Amino acid sequence: MRPEEGTMQSRARAIQALLELIPGDVPVIICNGFPSREAFKLVDRPTHFYMMGSMGMAAAIGLGVALAKPAKKVVVLDGDGNVLMGLGTLGTVGALKPKNFIHVVLDNEVYGSSGNQPSYARVVRLDQVAKAAGYAHVERVREREDLVYEFKDLLGKDGPGFLLVKVSEQAEDVGWVSLEPSQITQRFRKAIE
Amino acid sequence: MIESEAFVQALEDIGFDFFTGVPDVLLAGVIETLLTRRLYTPAVREDEAVAMAAGAYLGGRVPAVLMSNAGLGTSLNTLLSLNLLYRHPCLLIVAWRGFEGHDAPEHRSMGQVMTPLLDTVRIPHRTLSDATALDDFNWVAQTFMKTRIPVALLLKPGVVRGIQP
Ligand SMILES: Cc1ncc(C[n+]2csc(CCOP(=O)(O)OP(=O)(O)O)c2C)c(N)n1
Ligand SMILES: [Mg+2]
């Protein structure tokens with residue numbers, strides 16, 4: 001456990017704050033493991049794409065949506081382990097610079113969904129990687145008020161935006177995402193038509 | 001030999017309007033044509049390309065992914081746990097490196113196991129040839145729309161004009 005762990009907000013609290021700020025017509029792609037499962041339990045909307053497999057690919061899926069729907073903001077809720085696995089996508093986003101793309105990383109510095117094994121996010125500054133890759137706006141926050149302020153700010157700006165949110169290792173008691181994957185696809189496509 | 005222009009036109013006629021991928025020397029001509037037509041968004045890995053294509057499909061586009069068969073290995077988990085699971089169709093245009101063993105050593109294994117691998121993971125595939133090109137493209141159009149899963153069109157050396165290895 002990190003020294004500051006006790007005073008940090010949990011991933012679920014951060015997701016809740018973000019989902020409260022995201023308008024109902026904005027597509028949200030959520031990475032696999034606890035982030036999807038916690039988001040599903042907090043609020044389920046047809047504009048949510050709960051990624052169950054394909055670890056590391058949430059940002060790439062979001063990028064595809066953003067390129068197909070340039071007039072819509074697209075939000076990706078990612079994990080540090082996921083980002084490290086698909087690190088090349090930071091380069092693709094930085095190079096293509098989609099204005100409507102917002103990448104939020106819920107960074108607990110562990111592979112939380114598989115048993116809290118430490119990730120290299122402890123030493124690798126993912127926000128600096130995003131900056132070097134060419135994201136237009138990059139912020140790093142810890143406190144809930146800062147999260148709310150910076151995310152609102154990113155929603156109103158031309159992207160791509162990157163928000164690293166430091167969260168605790170705490171996980172909620174949540175079940176699986178109890179939707180048929182093909183149904184997630186159908187309703188998502190319809191909701192963002 | 002099929003010209004890259006004709007190849008790309010046939011795909012556009014079917015309705016494909018989002019192209020991504022990672023280059024292979026066999027695909028150089030096709031990618032050049034796609035770039036000239038401003039249709040191609042480069043990816044850095046094939047699994048990323050497959051996931052971008054899935055996102056584009058979620059956003060209403062009809063996607064195709066260009067890759068070497070080495071990239072099929074890279075993208076296997078994404079194909080299985082994203083495209084097949086969620087029913088995200090895309091056309092995989094796969095360069096058949098290591099075809100009949102006449103290629104650099106690194107392509108030997110995948111060249112041999114590619115079609116059994118596609119069969120095992122139940123991705124329908126067809127090998128493009130000059131003589132059957134029309135049928136091949138019809139097959140792509142029909143299978144793609146019907147199954148809502150990835151389908152693969154395999155490109156052997158010398159079938160579509162490009163730089164040969
Ligand atoms: C390719 C692949 N490797 C490993 C796993 C197992 N796995 C599922 S979620 C996860 C951890 C994800 O970590 P992170 O993105 O940091 O999210 P967290 O759970 O910490 O919120 C792992 C290792 C998997 N599903 N797929
Ligand atoms: Mg994590």
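Residues numbered from 1 in each chain as written. Chains lettered and ligands numbered in written order. Predicted model: local features only at pLDDT ≥ 70, side-chain atom pairs only at ≥ 80, totals over all residues. Heavy atoms only, no water.

### Some points on the nonpolar core
Here comes step 1: Phe 49 and Leu 77 of chain A together with Leu 92 of chain B are the most contacted members of the largest nonpolar core, which totals 87 residues.
Here comes step 2: At 8 residues, helix H3 (residues 46-58) of chain B tops the list of elements feeding residues into this core.
Here comes step 3: Beyond its immediate chain neighbours, meaning those up to four positions away, Leu 92 of chain B contacts Val 50, Val 65, Met 67, Leu 72, Leu 79, Ile 123, Pro 150, Val 151, Ala 152 and Leu 153 of chain B.
Here comes step 4: Ranked by size, the runner-up nonpolar core spans 30 residues in total, among them Tyr 40, Leu 128, Val 140 and Val 159 of chain B. (Core = buried A, V, L, I, M, F, W, Y, C linked by side-chain atoms within 4.5 Å. Buried < 20%, exposed > 50% of the residue type's maximum accessible area, 1.4 Å probe, protein only. Helix = DSSP H or I, 4+ residues; strand = E, 2+ residues; numbered from the N terminus. Contact = heavy atoms within 4.5 Å.)

### What to know about the sheet that holds strand S7 (residues 137-141) of chain A
Hydrogen bonding along the main chain pairs the strands of a sheet, whether they run parallel or antiparallel.
Residue and element names in this part refer to chain A.
Here comes step 1: Ordered by their spatial adjacency, 6 strands build an open sheet running S2-S1-S3-S4-S8-S7, and the pairing between neighbours is parallel. Only two strands of the sheet have a single neighbouring strand rather than two, namely strand S2 (48-50) and S7. Between one strand axis and the next, the sheet turns through 15° on average, direction left out of account.
Here comes step 2: Two strands pair when backbone bridges link them, and strand S1 (residues 28-30) and S2 are joined in this way by 3 bridges, in the parallel orientation. By the bridge assignment for S2, Val 28 is matched with His 48. (Pairing = 2+ DSSP bridges. Axes fitted to C-alpha atoms, helices over the stretch in contact; angles between N-to-C directions.)

### Describing the packing of aromatic side chains
Here comes step 1: Tallied over the entire structure, the rule returns 7 aromatic pairs over all chains.
Here comes step 2: Arranged with centres 4.9 Å apart and planes meeting at 75°, the rings of Trp 96 of chain B and Phe 99 of chain B form a pair that is edge-to-face.
Here comes step 3: One Lys or Arg, Arg 37 of chain A, reaches over the ring of Trp 176 of chain A and ends 4.2 Å from the middle of that ring.
Here comes step 4: Cation over ring: Arg 189 of chain A sits above Tyr 57 of chain B, and NZ or CZ is 3.8 Å from the ring centre. (Phe/Tyr/Trp six-rings, centres within 6.5 Å; stacked < 30°, edge-to-face > 60°. Lys NZ or Arg CZ within 6 Å of the ring centre and 35° of its normal.)

### Side note on the coordination of the magnesium ion (ligand 2)
Residues and elements named next belong to chain A.
Here comes step 1: Each protein donor to the magnesium ion (ligand 2) is listed here as Asp 80 (OD), Asn 108 (OD1) and Val 110 (O); together their distances run 2.1 Å.
Here comes step 2: Between consecutive donor residues of the magnesium ion (ligand 2), the sequence gaps follow D-x27-N-x1-V. Residue Asp 80 is found in helix H4 (residues 80-85), and its partner Val 110 is found in strand S5 (residues 110-111); the two are separated by 30 residues along the sequence. Grouping residues by exposure puts Asp 80 and Val 110 together as buried. (Donors = N, O, S within 2.8 Å, 3.2 Å for Na, K, Ca; no water.)

### A look at the pairing of strand S6 (residues 151-155) of chain B
Residue and element names in this part refer to chain B.
Here comes step 1: Buried residues dominate S6, accounting for 5 of its 5 residues.
Here comes step 2: Where burial is concerned, the two faces of S6 agree: the one with Val 151, Leu 153 and Leu 155 and the one with Ala 152 and Leu 154 are both buried.
Here comes step 3: Relative to S6, strand S4 (residues 91-95) runs parallel, the two being bridged by 5 bridges. Looking at S6, one finds that Ile 93 is bridged to Leu 153.

### Side note on the layout of surface pockets
Residue and element names in this part refer to chain A.
Here comes step 1: Here the largest pocket defines a volume of roughly 210 Å³.
Here comes step 2: As for the largest pocket, its lining consists of 18 residues, and the residues nearest its centre are Asn 32, Asn 82, Tyr 111, Gly 112 and Ser 113.
Here comes step 3: Examining the composition of the lining of the largest pocket, we find that 3 residues originate from one element, H4, more than from any other.
Here comes step 4: Of the residues in the lining of the largest pocket, the class split is 6 nonpolar, 9 polar and 3 charged. (1 Å grid on protein atoms, 1.4 Å probe; cavity = no way out; pocket = protein on both sides within 12 Å on 5 of 7 lines; lining within 4 Å. Points joined across faces, edges and corners; volume = space filled by probe spheres on them. Nonpolar A, V, L, I, M, F, W, Y, C, P; charged D, E, K, R; others polar.)

### Details of helix H5 (residues 88-96) of chain A
Here comes step 1: For H5 of chain A, the complete set of buried residues consists of Thr 89, Leu 90, Thr 92, Val 93 and Gly 94 of chain A.
Here comes step 2: At the C-terminal side of H5 of chain A, Lys 97 of chain A shows a positive phi close to 50°.

### Some thoughts on the confidence of the model for chain B
Here comes step 1: Confidence in the prediction for chain B averages 95 pLDDT; 98% of positions are at 70 or higher.
Here comes step 2: What the predictor reports for the complex is a pTM of 0.97 with an ipTM of 0.97. (pLDDT = per-residue confidence, 0-100.)

### Description of the interface of chain A and chain B
Here comes step 1: Opposite the 28 residues of chain A that make contact, chain B presents 24 residues.
Here comes step 2: For the pair chain A and chain B, the two sides together bury roughly 2000 Å², of which 66% comes from carbon and sulfur.
Here comes step 3: The interface formed by chain A and chain B includes 0 salt bridges.
Here comes step 4: The interface formed by chain A and chain B holds 8 residue pairs in polar contact (both at pLDDT 80 or more) in total.
Here comes step 5: Residue assignment for the side of chain A that touches chain B shows that the elements contributing at least two residues are S2, helix H3 (58-68), H5 and helix H8 (181-191) of chain A.
Here comes step 6: By residue class, the composition of the side of chain A that touches chain B is 17 nonpolar, 9 polar and 2 charged. (Buried area = accessible area lost by both parts, 1.4 Å probe. Salt bridge = Lys/Arg side-chain N within 4 Å of Asp/Glu carboxyl O. Polar contact = N/O pair within 3.5 Å; in protein donor to acceptor, adjacent residues only side chain to side chain.)

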